[in-house]
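# Inside the fold
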Amino acid sequence: MKIGFTTSFPVEIIFAAGHIPVDLNNIFITGNAKKFVEDAEFKGYPRNICSWIKGMYSVVLASEIDTIIGVVEGDCSNTHSLMATLQDQGITVIPFSFSYYRNQSELEREIKKLEKYFNVEHHQVLQMKNRLDQIRKKLVYLDELTYKDNKVTGLENHLWLVNSSDFNGNPDDYEKRLDDFIAEVEIRHPIKSDFRFGFLGVPPIISNLYDFLLEHNVNVVFNEIQRQFSMPYLEKNLTDQYLRYTYPYSVFDRLEDIQIEIKKRKLNAVISYSQSFCHRQIDNILIKKYIDIPVLTIEGDQPGELDARTKLRIESFLDMLKY
Ligand code: SF4
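All figures in this text were calculated on a predicted structure; none of them were measured in a lab. (Residues numbered from 1 in each chain as written. Predicted model: local features only at pLDDT ≥ 70, side-chain atom pairs only at ≥ 80, totals over all residues.)

This part covers helix α5 (residues 78–87). Those residues of α5 that fall on the buried side of the exposure criterion are Asn78, Thr79, Leu82, Met83 and Leu86. All buried residues of α5 project into a common sector of 135 degrees when viewed along the axis, lining one side. In the core, the buried residues of α5 are packed alongside α4 (51–62), β3 (67–73) and β4 (92–97). (Buried ≥ 20, exposed ≤ 12 C-beta atoms within 10 Å, placed from the backbone. Helix = DSSP H or I, 4+ residues; strand = E, 2+ residues; numbered from the N terminus. Arc of directions from axis to C-beta. Contact = placed C-beta atoms within 7 Å.)

All right, on to the sheet that holds strand β7 (residues 269–275) then. One open sheet holds the four strands; their spatial order is β6-β5-β7-β8, and the pairing between them is parallel. Each of the sheet's edge strands pairs with one partner strand only, and the pair in question is β6 (218–223) and β8 (295–300). Averaged over all pairs of adjacent strands, the angle between their axes in this sheet comes to 30 degrees, without regard to strand direction. Inspection of the sheet shows strand β5 (residues 195–200) paired to β6 by five bridges, in the parallel sense. Bridge pairing in β6 places Phe197 opposite Val220. With respect to the sheet, helix α8 (residues 154–163) is in contact with β5 and β6, its orientation differing from that of β6 by roughly 25 degrees. (Pairing = 2+ DSSP bridges. Axes fitted to C-alpha atoms, helices over the stretch in contact; angles between N-to-C directions.)

Turning next to the environment of Leu126. Along the chain, Leu126 turns up in helix α7 (residues 122–147). With 15 C-beta atoms counted inside 10 Å, the residue Leu126 sits in the partly exposed group. Along the sequence, Leu126 and Glu12 sit 114 residues apart, while their C-alpha atoms lie 7.7 Å from each other.

Bringing the packing of α7 against α8 into the picture now. When two helices pack together, their arrangement is given by the angle between the helix axes and by the axis-to-axis distance. Their axes nearest at 10 Å, the elements α7 and α8 cross at an angle of 165 degrees. Here α7 lies roughly antiparallel to α8, going by the angle between them. For the element pair α7 and α8, the recorded crossing hand is left-handed. Every residue of α8 that contacts α7 at Leu139, Leu142, Asp143 and Thr146 is listed here: Asn157, Trp160 and Leu161. Among the residues forming the contact of α7 with α8, the class breakdown is four nonpolar, two polar and one charged. (Parallel < 35°, antiparallel > 145°, perpendicular 65-115°, else oblique. Left-handed = near helix turned anticlockwise from the far one by under 90°. Nonpolar A, V, L, I, M, F, W, Y, C, P; charged D, E, K, R; others polar.)

A separate point is the site of the ligand. All residues in the neighbourhood of the ligand are listed as Cys50, Trp52, Ile53, Asp75, Cys76, Asn78, Val202, Gln275, Cys278 and Arg280. Looking at which domains feed residues into the shell around the ligand, each of domain 1 (2–122) and domain 2 (133–322) gives three or more. (Near = placed C-beta within 6 Å. Domains from an automatic or database assignment.)

Another point: the domain arrangement of the protein chain. Here the protein chain is partitioned into domain 1 (2–122) and domain 2 (133–322). If you average the C-alpha positions of domain 1 and of domain 2, the two centres end up 23 Å apart. Across the contact, 27 residues belong to domain 1 and 23 residues belong to domain 2. Contributing elements (two or more residues each) for the side of domain 1 that touches domain 2: β2 (20–23), α2 (24–30), α3 (33–42), α4 and α6 (104–117).

Our next topic: the sheet that holds β3. Across the sheet, which stays open at both edges, the four strands sit in the order β2-β1-β3-β4 with parallel pairing between neighbours. Each having just a single partner strand, β2 and β4 make up the two edges of the open sheet. Between one strand axis and the next, the sheet turns by 30 degrees as a mean value, whatever way the strands run. Relative to β4, β3 runs parallel, the two being bridged by six bridges. What sits directly across from Val71, in β4, is Phe96. Strands β3 and β4 of the sheet are contacted by α5, whose axis makes an angle of about 155 degrees with β3.

All right, on to the nonpolar core then. Residues Leu24, Phe28, Met56, Tyr57, Val60 and Phe197 are the most contacted members of the largest nonpolar core, which totals 83 residues. With seven residues, the top contributor of residues to this core is α7. Inspection of this core shows a minimum of three residues originating in each of domain 1 (2–122) and domain 2 (133–322). For Phe28, the contacting residues outside a window of four places in its chain are Ala33, Phe36, Trp52, Gly55, Met56 and Val59. (Core = buried A, V, L, I, M, F, W, Y, C linked by C-beta atoms within 7 Å.)

Following this line, the structure appears as structure tokens:
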């Protein structure tokens with residue numbers, strides 16, 4: 001069975017149960033994204049609701065997915081209504097929560113509930129975690145090839161890390177393609193750039209942001225949330241892995257990770273991306289307050305290319321960094 005999900009959660013459980021996890025965000029953004037948003041609006045989704053939510057709604061209805069896991073705490077409050085509208089269309093919805101307090105026993109309880117639902121033993125889940133960790137180790141290496149060796153573009157780094165949320169439903173195939181990619185980039189010449197940027201926030205809905213930056217001699221060598229999806233800490237225990245995963249918890253947890261990576265990766269500046277109508281835009285107040293390198297905030301709304309205004313803002317920001 002294909003099991004859709006709204007954001008990263010212990011995906012090991014789904015693989016261990018013999019099902020295929022599907023990150024609905026990835027299907028939305030790599031498909032006919034504009035049409036998915038329009039379809040949801042046609043069904044009554046309001047204009048002033050985030051495009052990702054509308055996209056996921058349409059993706060489920062347009063696919064063969066009949067069960068979804070919705071992360072109802074630690075991600076997006078819109079997920080509650082997304083799940084209700086999908087349930088009304090006959091979709092089975094399973095809630096999963098990351099405790100606001102980053103609480104170990106509460107997370108363990110959520111993991112056990114999901115294991116019970118999918119009728120899978122914890123030792124089987126751990127076996128699957130060990131298998132996925134072999135691939136995650138390679139992603140850590142790919143990330144090093146990005147920020148230490150400058151051999152991977154920000155877009156390539158983004159794509160590999162963001163797709164590790166579900167390994168495209170087939171870890172063996174993903175690993176094989178990753179091995180080929182790593183072999184290819186190892187022999188590349190380093191990318192020359194004027195600035196090393198970090199990208200903070202949810203993955204962008206804008207299709208050509210990384211290309212535009214690279215055309216202006218900026219390489220993104222830190223993709224914050226995408227890296228979090230790749231579970232880079234390689235904790236032995238499943239609960240610890242998802243406790244260290246910063247995305248579902250407070251912005252202060254994210255800031256701790258971001259501060260470390262800014263220094264480690266020698267970043268010149270960061271782009272703090274936010275999605276129109278997303279509550280996470282408020283986090284930018286604290287990101288700007290606590291990050292001590294230049295921060296450019298940009299906002300994406302509909303799927304598509306960068307608009308002229310945002311291009312101008314990026315160019316002005318680069319001028320400011322140069323002089
Ligand atoms: S971008 Fe924000 S509003 Fe949109 S789905 Fe993600 S958390 Fe929710």
